[in-house]
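Chains, contacts and geometry: an overview
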Amino acid sequence: MSKQRIIVVGNGMVGHRFIENLVDSPSADSLDVITFSEEPRLAYDRVQLSAYFSGSTADDLALTSEGYYQENGVNYVLNDKVVSINKSKKYVVTASGREEKYDKLILATGSYPFVPPIPGKDQDHCLVYRTIEDLEAITHSAETSKVGVVVGGGLLGLEAASALTNLGLETHVVEFAPRLMAVQLDEGGGKLLRRKIEDLGLTVHTEKNTQEIVAGENCRYRMNFADGSFLETDMVLFSAGIRPQDELAREFDLKMGERGGIVINNQCQTSDENIYAIGECALWDGRIFGLVAPGYTMAKVAVSHITGGTEEFTGADMSTKLKLLGVDVASIGDAHGNTPGAQSYVYTDEVNEVYKRLVVSEDNTRLLGAVLVGDVEVYGNLLQFKLNDMALPDNPEALIAPSVGDAPVMGMDALPDAAQICSCYDVSKGAICSAVQNGCTDVGAVKTETSAATGCGGCAAMVKQVVDSELASLGIEVNNNLCEHFDYSRQELADIIRIKGITTFDELLSEYGTGLGCEICKPTAGSILASYGNEYILKKEHIGLQDTNDIYLGNMQKDGTYSVVPRVPGGEITPEKLIVLGEVAKEYDLYTKVTGGQRIDLFGAQLHELPDIWRQLIDAGFETGHAYGKSLRTVKSCVGSTWCRYGVQDSLSMTIAIEDRYKGLRSPHKVKMAVSGCTRECAEAQSKDVGIIATENGWNLYVCGNGGMRPRHADLFATDLDDETLIKYIDRFFMFYIRTADRLQRTSVWLENLEGGLDYLKEVIIDDKLGICGELESEMTKVIGTYQCEWKTTIEDPEKLKRFSHFINADEPDSNLAFVKTRGQRRPATEEEKITAIEVVE
Amino acid sequence: MSTAISTEWVSICPVEDLLANTGLCALHEGEQVAIYKINPCEEYSQNFLYAISNYDPIGKANVLSRGILGNIGNHLVVASPLYKQHFDLFSGECLEDPEHRVKTYEVRCFNDEIQLKKSAQ
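Residues numbered from 1 in each chain as written. Chains lettered and ligands numbered in written order. Predicted model: local features only at pLDDT ≥ 70, side-chain atom pairs only at ≥ 80, totals over all residues. Heavy atoms only, no water.

**So, the overall build of chain B**
Test applied: Under the DSSP-based scheme used, a helix requires at least four consecutive residues in state H or I and a strand at least two consecutive residues in state E, with every element numbered from the N terminus. Burial here depends on accessible area, computed with a 1.4 Å probe over protein chains only, as a share of the maximum for the residue type. Under 20% is buried, over 50% is exposed, and the range in between is partly exposed. Whether two residues are in contact is decided by their heavy atoms: any pair within 4.5 Å suffices. Using a 1.4 Å probe, the Shrake-Rupley method yields the accessible areas, and only the shown protein chains count as cover for residues.
A count of helical and extended segments in chain B gives 0 helices and 12 strands. If you list the helices and strands of chain B from N to C, you get β-β-β-β-β-β-β-β-β-β-β-β. Considering chain B as a whole, with its 121 residues, one finds that 52% of them fall into the buried category. Of all intrachain contacts in chain B linking residues separated by at least 6 positions in sequence, the fraction that spans at least 24 positions is 44%. As displayed, chain B has an accessible area near 5600 Å², and 49% of this comes from carbon and sulfur atoms.

This is the structure:
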């Protein structure tokens, strides 16, 4: 049977989501998919577009990759626009003349920015805000501009204003309506939002109708308004709403709405049953949905219909919550109280700049809408009342009143299973509950399993409530005790050790624990003691705490031999030192391999050989690489501006400085860093716990990335930092991680479980919300000041060296060891090879 | 029991060579023996020296002397440094996988020396 051919026109967020859903569907194998985009790149996150101005790159915004499409057999054509449709013969033609047949055609052409027909609107520095190319043009224009005006005070307009502010322009917002975000906010909310935005240095002009844009006197342009006033500016950014990108459908006679939009039915089919329209180009029940979530729902419905499912699109909730210029704003349902008989509760706090309004039904039992500005914490709860048409409590005002004592919380039990918790990934309460039932016992695991809270993150608090409630109802006690010896979590033990100044495990155990300890609590305590006290880990009080690798300062391999990894900061090594490594490896017949962390690993060293090997290495100027520790491993680097034609900063010097600074730092798990000398990112810094990428103006700091088992792209934490601030933030970041992470929790998982997420982390590290940054810095200073090369200390102490022999009472090596040569080097013999004993060396 | 006949026991090393809460490995009658010193504790034992085979039957390597000591419930144990299974220091039994049981040895401290008992001839 030949495959069904599906063509997707447009590769924006919704078009891409359609493809993802299709690839994941059981019928994927019987489908042949091709997508066309007029843009030069695959789908990216337009919702996060303003992040481009705070340092994110086009790659950061990407929602997918060519690799993903290739792996899943999806054909894609960029820079080529579909220009004609032959409905009867079912094929399309592109601008470049390419013809492709289809069985089903999906129009996901999105929308374009509406530019009002104002004389003078087509000048060079009159721009729009929609694509990455638009952003590049804005950045370019900003280089020669001082003042910028955004036309449009809606949601997108304020986003654009935020972008201009980030570019350092004196920013004005010009709005036709009497208030900002007129669609979503009522008068009270709009007024407060305006006040907050003006506090930030922006100027808001409402009820202004732009008549023309002419040459200015002090600036490039002058905007003349209908009321006779005017404004001078160097750049004009139009953000006055969107219009469906429907010309293709219009030209080829699909049924259109009177004011544009491709008419679709509940299955997302257009007037031609083989053509579907989804996203902002589609008109359902006379409405265009200008948010991404309804577009995603349409994508799902269209896939369902094509693959024989029965899902329908029945409208979408347009409630929204976002942070504009740092101001939290949310709007739910009928925000204006237009429903007949609607009543309101309003709470205003001018001191803390908070405004909340509840719109309730005439009988005071149902929530119709809400407006929240300045404090949107209750958004998730309120939204559930609205979406599920749940009965309000007897005193609805308590939902928005400032909490005195215990705030009223909506019991998660009251929510139906079908209630949608995560709108980005359409995850229901039921899906989260079943993930919990299937063994996900924390928010991090639920996120991985269901994707909930991994889109915009707005539902994170709600997800946690559902998880907690489900755990409670399953009778699962959330117990984060470290082990049977301590009724404390790692975080609590770290607090105890730090605050009480505890210096030994025995002291900790006798005061806070029971029994003798075990292989869980001993290394955990050993690590915390090292993070705060930083004593020699083989000191007699600490030696019994050290895990397999730490106790002999080497990584134990499967046969009980060790690997030796000296530190090679930044991977920079002199030929002389390289020769020493080669000579040592040769002398002890060590298997030699270059590691992923830009250093050299020597395998197969026996206990009694370790001190001699390290003596030679230390004499040659090496020091321990801590490859055995839950501690800083390496700082990976490119050569940066020292050699590279493209480098913009000296990444190598920075790498060596920070590797030297943080070497030996013991932490809840290993930590890895990298520094790239330019945005090409050759050091792969975004896959590290701490990644640093050079910019023209300094350094961008990324945190909590991970390669390995569950890769995670690091989050952009701060941009264009100078050296000093960069180091200060990293100091604080590491010590906060050490203070609060669970045992063996990498920074990536730690962040995912951190309540408040990245924003909270920024508040702690950058704004010093908790007032602990001074402490964190002095803790780090202590660790740096007490660094020692553990191998140097060891080889200088004859008592310590006694332990480095296989037998205490004989000089013989371990008779069970056997090696086999493979590709010119030896490796441990397998059990079979040991028995047959053929070709075994030694 | 100072009447013990010295020829029944073999001295291995001075007791101070073995740090508290760690192990070491001795070659005894051709076998590898892991010897441990723990802090004596009424709840678990009056003894402070223990000896079991050094061979980890699961990881198949001579490494048990290098594991972390502790207790799991009532069992005094060493955790294998390879894959962390617990071996009972009294019985040699693997708690996770009782079909694996390692040999145990008699060990004592005599005249400040660690001694292992010779096997019956």
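**Description of the overall build of chain A**
Operational definition: Two residue types count as positive, namely Lys and Arg, and two as negative, namely Asp and Glu; His and chain ends fall outside the count. To locate a charge, take NZ of a lysine, CZ of an arginine, CG of an aspartate or CD of a glutamate.
Counting secondary structure elements, chain A contains 25 helices and 40 strands. Dimensions of chain A, computed from the C-alpha atoms along their principal axes, are close to 95 × 65 × 60 Å. A buried classification covers 53% of the 842 residues belonging to chain A. Excluding contacts between residues fewer than 6 apart, the proportion of contacts in chain A whose partners are at least 24 apart in sequence is 61%. Split by element, the accessible area of chain A, about 36500 Å² in all, is 47% carbon and sulfur. The averaged location of the 125 negative side-chain charges in chain A is 2 Å from the averaged location of its 81 positive side-chain charges.

**Digging into the domain arrangement of chain A**
All names here are of chain A. Basically, it comes down to this: Residue ranges assigned to each domain were obtained from an automatic or database domain assignment. Simply put, the buried area is the total loss of 1.4 Å probe accessible area from both parts when two parts are fitted together. A pair is scored as a salt bridge if a Lys or Arg side-chain nitrogen falls within 4 Å of a carboxyl oxygen belonging to Asp or Glu.
Looking at chain A, the domain boundaries give domain 1 (4-111 + 244-306), domain 2 (126-240), domain 3 (490-545) and domain 4 (632-785). Residue-level contacts link 14 residues of domain 3 with 15 residues of domain 4. Of all residues in domain 3, Arg490, Ser531 and Tyr532 bury the most surface against domain 4, accounting for 44% of the area lost on that side. Scanning the region where domain 3 abuts domain 4 turns up 1 salt bridge.

**Digging into the packing of helix α13 (residues 490-500) of chain A against helix α15 (residues 521-532) of chain A**
In a packed pair of helices, the relevant descriptors are the angle between the two axes and the axis-to-axis distance. All names here are of chain A. For clarity, the threshold we go by: In this description, a line fitted to the C-alpha atoms serves as the axis of each element, helices being fitted only across the stretch in contact, and the angle between N-to-C directions of two axes falls anywhere from 0 to 180 degrees. For classification purposes, angles smaller than 35 degrees are called roughly parallel, those larger than 145 roughly antiparallel, those between 65 and 115 roughly perpendicular, and all remaining angles oblique. Crossings are assigned a handedness: left-handed for a near helix turned anticlockwise from the far helix by less than a right angle, right-handed for a clockwise turn. For this classification, Asp, Glu, Lys and Arg are treated as charged, while Ala, Val, Leu, Ile, Met, Phe, Trp, Tyr, Cys and Pro are nonpolar and the rest, including Gly, are polar.
Where α13 contacts α15, the two axes come as close as 10 Å, and the packing angle between them is 45 degrees. Classified by the interaxial angle, the pair formed by α13 and α15 is oblique. In this structure, the crossing between α13 and α15 has a hand that is right-handed. For the pair α13 and α15, the contacting residues are Arg490, Leu493, Ala494, Ile497 and Arg498 in the first and Thr524, Ala525, Ile528, Leu529 and Tyr532 in the second. Grouping the amino acids of the contact of α13 with α15 by side-chain chemistry returns 7 nonpolar, 1 polar and 2 charged.

**Details of the environment of Cys25(B)**
For Cys25(B), the location among the structural elements is in strand β2 (residues 22-28). With a relative accessible area of 2%, Cys25(B) lands in the buried category. Note: C-alpha distance between Cys25(B) and Arg66(B) (41 residues apart in sequence) is 8.4 Å. For Cys25(B), the residues in contact, after removing those within four places along its chain, are His806(A), Phe807(A), Ile808(A), Asn809(A), Gln32(B), Val33(B), Asn54(B) and Ser65(B).

**Examining empty space enclosed by the protein**
Put simply, the rule reads: Cavity: a set of points on a 1 Å grid over the protein atoms alone where a 1.4 Å probe fits but cannot get out. Pocket: an open set with protein on both sides within 12 Å along at least five of seven lines, its lining residues, like those of a cavity, having an atom within 4 Å of a point. Grid points are joined across faces, edges and corners, and a volume is the space filled by probe spheres set on the points.
This structure, assessed with the given rule, holds 8 cavities of 30 Å³ or more. There is about 150 Å³ of room inside the largest cavity. Its residues assigned to classes, the lining of the largest cavity comprises 8 nonpolar, 6 polar and 4 charged.

**What to know about the interface of chain B and chain A**
Between chain B and chain A, the residue contacts involve 35 residues of the former and 40 residues of the latter. Buried surface at the junction of chain B and chain A, both sides included, amounts to about 2900 Å², of which 55% is carbon and sulfur. Ranking the residues of chain B by area buried against chain A places Leu27(B), Arg66(B) and Ile68(B) at the top, with a combined share of 25%. Our enumeration of links across chain B and chain A arrives at 2 salt bridges.

**Quick look at the pairing of strand β34 (residues 671-676) of chain A**
Residues and elements named next belong to chain A. To be explicit about the condition: Pairing between strands is defined by DSSP: at least two bridges between the two strands are required. Handedness of a crossover is defined as follows: with both strands directed away from the viewer, a clockwise route from the first strand across the helix to the second makes it right-handed.
In terms of residue burial, β34 counts as a mostly covered element, since 5 of its 6 residues are buried. Pairing between strand β33 (residues 632-637) and β34: 4 bridges, direction parallel. Paired with lysine 636 across the strands is alanine 674, a residue of β34. After leaving β33, the chain enters helix α18 (residues 651-662) and then returns to the sheet as β34, a path that is left-handed. Relative to strand β35 (residues 690-695), β34 runs parallel, the two being bridged by 4 bridges.

**So, the nonpolar core**
Residue and element names in this part refer to chain A. How we decide: In this description, a nonpolar core means a group of buried Ala, Val, Leu, Ile, Met, Phe, Trp, Tyr and Cys residues linked to one another through side-chain atoms lying within 4.5 Å.
Grouped together as the largest cluster of nonpolar side chains are 60 residues, with contacts concentrated most on Leu701, Phe734 and Leu761. For this core, the element with the most residues is helix α19 (residues 723-740), which contributes 10 residues. When residues of this core are sorted by domain, at least three fall in each of domain 3 (490-545) and domain 4 (632-785). Ranked by size, the runner-up nonpolar core spans 50 residues in total, among them Ile6, Val23, Leu42 and Ile306.

**Considering the sheet that holds strand β12 (residues 113-117) of chain B**
All names here are of chain B. On the basis of which strands lie adjacent, the open sheet formed by 3 strands has the order β1-β12-β11 and antiparallel pairing. In the strand order of this sheet, the two ends are held by β1 (9-14) and β11 (107-110), each with one partner. With direction set aside, neighbouring strand axes in the sheet form an average angle of 35 degrees.

**Topic: unusual backbone geometry**
Positive phi values are uncommon outside glycine, yet Leu553(A) reaches one of about 55 degrees. The residue Leu553(A) is located in the loop between α15 and β29 (555-556) in this model. Overall, the relative accessible area of 1% leaves Leu553(A) in the buried class. Even without glycine at this site, Lys84(B) takes up a positive phi of about 70 degrees. Along the chain, the position of Lys84(B) falls in the loop between β8 (75-79) and β9 (86-88). By relative accessible area, which is 27% here, Lys84(B) ends up partly exposed.

**Topic: the packing of aromatic side chains**
All names here are of chain A. Heads up, the condition is: Side-chain rings of Phe, Tyr and Trp, where Trp is taken by its six-membered ring, are said to pair if the distance between their centres is within 6.5 Å; with planes under 30 degrees apart they count as stacked, over 60 as edge-to-face, and otherwise as tilted.
A full pass over the atoms with the stated rule returns 19 aromatic pairs over all chains. Relative to phenylalanine 313, the ring of phenylalanine 289 has its centre 5.5 Å away and its plane inclined at 80 degrees; by these criteria the two rings are edge-to-face. Of the two residues, phenylalanine 289 is situated in the loop between β21 (287-288) and α8 (292-306) and phenylalanine 313 in the loop between α8 and β22 (320-324); the sequence distance between them amounts to 24 residues. Phenylalanine 289 gets classed as buried once you look at its relative accessible area, which sits at 1%. Classification of phenylalanine 313 by relative accessible area gives buried; the value is 0%. An angle of 75 degrees between the planes, with centres 5.7 Å apart, marks the rings of phenylalanine 733 and tryptophan 750 as edge-to-face.

**A closer look at the sheet that holds strand β13 (residues 210-215) of chain A**
Residues and elements named next belong to chain A. Taken together, the 3 strands give an open sheet; going across it, the order is β13-β14-β15, and neighbouring strands pair in antiparallel fashion. This sheet does not close on itself; its edge strands, each paired only once, are β13 and β15 (230-233). Within the sheet, the average angular offset between the axes of one strand and its neighbour, ignoring direction, is 20 degrees. Sheet analysis places strand β14 (residues 221-225) next to β15, joined by 4 bridges and oriented antiparallel. When the bridges of β15 are listed, asparagine 224 appears paired with phenylalanine 230.

**Thoughts on the pattern of salt bridges**
Note on pairing: side chains with opposite charge can pair once their charged atoms come close. Residues and elements named next belong to chain A. The tally for this structure, following the rule as stated, stands at 49 salt bridges over all chains. When the shortest N-O distance is used, the salt bridge between arginine 41 and glutamate 133 registers 2.6 Å. Of this pair, arginine 41 sits in the loop between β2 (31-36) and α2 (58-61) while glutamate 133 is found in helix α4 (residues 132-142), placing the two residues 92 residues apart along the sequence. A relative accessible area of 22% places arginine 41 in the partly exposed class. A salt bridge links arginine 98 to glutamate 100; the nearest nitrogen and oxygen atoms lie 2.8 Å apart. Overall, the relative accessible area of 34% leaves arginine 98 in the partly exposed class. Under the relative-accessibility criterion, glutamate 100 is labelled buried at 12%. Each of Asp495, Arg498, Arg739, Glu775 and Glu779 takes part in a single network of salt bridges with overlapping partners.

**A short note on the layout of surface pockets**
One simple way to see leftover space: roll a probe sized like a water molecule over the atoms. All names here are of chain A. Estimated volume of the second largest pocket: approximately 710 Å³. Considering the residues around the second largest pocket, the lining is formed by 24 residues, among which Tyr52, Gly55, Thr57, Thr695 and Glu696 are closest to the centre. Elements supplying a minimum of two residues to the lining of the second largest pocket: α4, β35, β36 (698-703) and β37 (715-721). With 3 residues, β35 is the largest single contributor of residues to the lining of the second largest pocket. For the lining of the second largest pocket, a count of residues per class yields 9 nonpolar, 10 polar and 5 charged.

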